[in-house]
Amino acid sequence: MIQDNPESKFIIIFHPDIFIGKKYTVRSGLEMTNGEVLKYWGKWIVLGEKSWLDELAIKLDPFVEDEKIPVIKYDREPSVNLGIEECVMMIYCDRRDRDKIWQILSRFGVKLKAWVTEKETMEMWLPGGVLLERWIESKKFNEVTKNKVREDAQARLGYIFEHPDEIFVPWEQ
Amino acid sequence: MPVKIMIPGSLRNWFGGETEYSCQGERILDCIDRLDERFPGTKERLINQKGNISNVLIFLNGDNLRNLDGLSTTVKDGDEISIVPLAAGG
């Protein structure tokens, strides 16, 4: 199902059983640990106009309902403050399934082929990471707020690196 | 068969409005040099003064160059290079 909540930065496509406790970071019936997510989890990146991504979302939704794709999210509007003029769609999956999912994406006209691991993304959003620091600068925060943002990022993302054996808990978006 | 370079709309202005470009080269860096010859200024947009990739993520057949041999990664006929804005990876 496609969840288009105007208060969220993202439009999200997920299996409706999420509402009754279904998890999407699952492998062979077992929930993935933080360590497994850092090792295997990632996403195909698709860039495009919002209208094209809306059409693509409708085409991909059945594959999420069929549990062939775990979860998808995409921008409601471009992150202009981070230097992007297009919306970004992220099609999440386990690295071991990525080739099968690429076949689906290419069938619907996705040409640009870019796989980003969740570990790489988290590293970019940790204190000192290029995306966190650019985002902080774009917001023109004062020093106190900058440090608070960095502390929050360290607490949330650092925990995943520091507790590899715990079950991964996705955060709300 | 040459190497194909895929460019998203966000970066189209850097490449004369093109979103696909073909070139020949042995390494990714050679391909960027070819791009720079065709679209002057490309190299300094993609690579910082330390010689590292900056502002963008570059992928060879879907894999981030950071997980390969960086700009020294060798390419072969039929390979596809994708260049996306850095923030798209977040």
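Residues numbered from 1 in each chain as written. Chains lettered and ligands numbered in written order. Predicted model: local features only at pLDDT ≥ 70, side-chain atom pairs only at ≥ 80, totals over all residues. Heavy atoms only, no water.

Asker: Report on the overall build of chain A, specifying residues and quantitative values.
Answerer: Each helix and strand counted, chain A has 6 helices and 8 strands in total. For chain A, the N- to C-terminal ordering of α and β elements is β-β-β-β-α-β-α-β-β-α-β-α-α-α. Relative to the globule expectation of 16 Å for 173 residues, the C-alpha radius of gyration of chain A, 16 Å, shows essentially globular dimensions. Taken along its principal axes, the extent of the C-alpha atoms in chain A is 45 × 40 × 30 Å. Taking all 173 residues of chain A together, the buried fraction comes to 45%. Summarising the internal contacts of chain A: among those between residues at least 6 apart in sequence, 65% fall at separations of at least 24. Summed over all atoms, the accessible surface of chain A reaches about 9,200 Å², with 52% contributed by carbon and sulfur. (Helix = DSSP H or I, 4+ residues; strand = E, 2+ residues; numbered from the N terminus. Rg over C-alpha atoms; globule rule 2.2 N^0.38 Å. Buried < 20%, exposed > 50% of the residue type's maximum accessible area, 1.4 Å probe, protein only. Contact = heavy atoms within 4.5 Å. Areas by Shrake-Rupley, 256 points an atom, 1.4 Å probe, with all protein chains shown as cover.)

Asker: Give a description of the confidence of the model for chain B that names residues and reports values.
Answerer: Residue and element names in this part refer to chain B. Averaged over every residue, the pLDDT of chain B is 92; the share at 70 or more is 99%. By mean pLDDT, the top-scoring element of chain B is strand E4 (residues 62-64) (97), and the lowest-scoring one is strand E2 (residues 20-23) (91). Quick note on the complex model: pTM equals 0.92, ipTM equals 0.92. (pLDDT = per-residue confidence, 0-100.)

Asker: I'd like a rundown of the pattern of salt bridges, residues and numbers included.
Answerer: Residue and element names in this part refer to chain A. Per the counting criterion, the structure on display carries 24 salt bridges over all chains. Two residues, Arg98 and Asp99, come together in a salt bridge whose shortest N-O distance is 3.9 Å. Each of Arg27, Asp94, Arg96, Asp97 and Lys100 takes part in salt bridges that share partners, so that together they form one network. (Salt bridge = Lys/Arg side-chain N within 4 Å of Asp/Glu carboxyl O.)

Asker: Describe the interface of chain A and chain B, listing the residues and the values that go with them.
Answerer: The partner chain B presents 24 residues to the 25 residues of chain A that form the contact. For the pair chain A and chain B, the summed buried area comes to about 2,000 Å², and 56% of that belongs to carbon and sulfur atoms. When the area that chain A buries against chain B is broken down by residue, the three leading residues are Lys111, Leu112 and Lys113 of chain A, summing to 24%. There are 3 salt bridges connecting chain A and chain B. We note a salt bridge from Arg98 of chain A to Asp63 of chain B, for which the minimum N-O separation is 2.9 Å. (Buried area = accessible area lost by both parts, 1.4 Å probe.)

Asker: Provide a residue-level description of unusual backbone geometry, including the pertinent values.
Answerer: For Ser28 of chain A, which is not a glycine, the phi torsion comes out positive at approximately 50°. Non-glycine residue Asn55 of chain B carries a positive phi angle of around 70°. Relative to the assigned elements, Asn55 of chain B resides in the loop between helix H2 (42-46) and strand E3 (56-60). Residue classification places Asn55 of chain B among the partly exposed residues on the basis of a relative accessible area of 34%.

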